[in-house]
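# Structure at a glance
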Amino acid sequence: MDIKERIGIRLKELRKQTGLSQERFAFECELDRTYIASIEQGKRNVSIANIEKISKALNISVADFFNSKLFD
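Residues numbered from 1 in each chain as written. Predicted model: local features only at pLDDT ≥ 70, side-chain atom pairs only at ≥ 80, totals over all residues. Heavy atoms only, no water.

## Some words on helix α4 (residues 48-57)
N50, I51, I54, S55 and A57 are the residues of α4 that are buried. Viewed along the axis of α4, the buried residues span an arc of 160 degrees, placing them on a single side of the element. Along α4, exposed side chains directed more than 90 degrees from the buried face belong to I48 and K56. A positive backbone phi angle near 60 degrees is found at N59, which sits one or two residues after α4. (Buried < 20%, exposed > 50% of the residue type's maximum accessible area, 1.4 Å probe, protein only. Helix = DSSP H or I, 4+ residues; strand = E, 2+ residues; numbered from the N terminus. Arc of directions from axis to C-beta.)

Here it is as structure tokens:
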């Protein structure tokens, strides 16, 4: 599994924990819903700036975003 797929899985996992739809989550991140969907599908090479926006919307640090066995 490549890094894009692992980031997508992690994002979906964390977003679902918040109970937010992709649309609402995208609004919170100030990103497009289709962009969030593409990340979750492992199709996007996400910039670190957008990882930071995503982490802030999840109320976690970037380090916590990557604190998963997916990234071991």
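## Focus: the nonpolar core
Among the nonpolar cores identified, the biggest contains 17 residues, and I7, L11, F25, I36, I39, I54 and F65 are the most heavily contacted of them. Looking at this core, the elements with two or more residues in it are α1 (3-18), α2 (22-29), α3 (33-40) and α4. Not counting the four nearest positions on each side in its chain, I7 is found in contact with I39, V46, I51, F65, F66 and F71. (Core = buried A, V, L, I, M, F, W, Y, C linked by side-chain atoms within 4.5 Å. Contact = heavy atoms within 4.5 Å.)

## As for α2
Listing the buried residues of α2 in full gives F25, A26 and C29. End-on view of α2: buried residues confined to an arc of 100 degrees, all on one side of the axis. Seen from the open side of α2, the exposed residues pointing more than 90 degrees away from its buried face are E23 and F27. Tucked inside the fold, the buried residues of α2 contact α1, α3 and α4.

## Quick word on unusual backbone geometry
Despite not being glycine, E30 shows a phi value in the positive range, around 60 degrees. Along the chain, E30 falls in the loop between α2 and α3. In this structure, N59 takes a positive phi of about 60 degrees despite not being glycine. Inspection of the secondary structure assignment puts N59 in the loop between α4 and α5 (62-65). With a relative accessible area of 71%, N59 lands in the exposed category.

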